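Fold and contact review
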Amino acid sequence: MNPTHHLERSRHYLNFVPGNISAGDYNRAAKALTRAAGHVATAAAVHWRHGHHSRRRLTTVLSELVFEGRLAHTHLRTFRDVYQLPQRTAASTPEVARRLLRRFRLLVSRMIAAIASAMAGQPNVPTLEQLIIQTAPAAPAKMPAPPRSR
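A few points on the structure.

Parameters at a glance
Residues numbered from 1 in each chain as written. Predicted model: local features only at pLDDT ≥ 70, side-chain atom pairs only at ≥ 80, totals over all residues. Heavy atoms only, no water. Helix = DSSP H or I, 4+ residues; strand = E, 2+ residues; numbered from the N terminus. Contact = heavy atoms within 4.5 Å. Core = buried A, V, L, I, M, F, W, Y, C linked by side-chain atoms within 4.5 Å. Buried < 20%, exposed > 50% of the residue type's maximum accessible area, 1.4 Å probe, protein only. Salt bridge = Lys/Arg side-chain N within 4 Å of Asp/Glu carboxyl O.

Glancing now at unusual backbone geometry. Of note, Arg-49 is a non-glycine position whose phi angle comes to about 55 degrees, a positive value. Tracing the backbone through its elements, the reader meets Arg-49 in the loop between α2 (26-47) and α3 (55-67).

The following block contains the structure:
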């Protein structure tokens, strides 16, 4: 999958949150936020060609982006904290859970925007396979059939 797919999926899951909050399904809203954060971190990992098959690897990718100055540290902290959100909402009152979910929706939304901006600021360098395909000679055009004689 390409980074664009993961960015779209993160926005898709982020859009579930207001409906889940209004329906009172706080656990589902919290899980949607974790999936949105996971997909945007995966988009960054795929974009910069890092491993992305575990939460630890995604945390490493985000830490590297923070170290390089492409991402603010608050987004790394948001990524770490969002995974405790289902437990925190389950242990709190509905009013506190709504406030917590709205706050994290804003934080994850900002994280998505920051990673999309960082990805746009540094487009991918083509891979060796892509360069070979680009420089390969085009297939010769098919010769037209000779005209039929009557």
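Quick look at the side chain of Thr-78 now. Structurally, Thr-78 can be placed in helix α4 (residues 73-82). For Thr-78, the residues in contact, after removing those within four places along its chain, are Phe-104, Leu-107, Val-108 and Met-111.

With that settled, consider the nonpolar core. Ranked by size, the top nonpolar core spans 38 residues in total, and within it Leu-33, Leu-62, Leu-85, Leu-101 and Ile-115 carry the most contacts. Listing elements by their share of this core, those giving two or more residues are α1 (3-23), α2, α3, α4 and α6 (94-121). In terms of residue count, the dominant contributor to this core is α2 (12 residues). In contact with Leu-85, other than residues within four places in its own chain, are Ala-30, Leu-33, Leu-100, Leu-101 and Phe-104.

It is possible for side chains bearing opposite charge to pair when their charged atoms get close. Taken as a whole and assessed by the stated rule, the structure comprises two salt bridges. Measuring nitrogen to oxygen at the nearest pair gives 2.6 Å for the salt bridge that ties Glu-68 to Arg-70. Between Arg-99 and Glu-95 there is a salt bridge; the shortest N-O distance is 3.2 Å. With a gap of four residues between them, Arg-99 and Glu-95 both fall in helix α6, about one helical turn apart.

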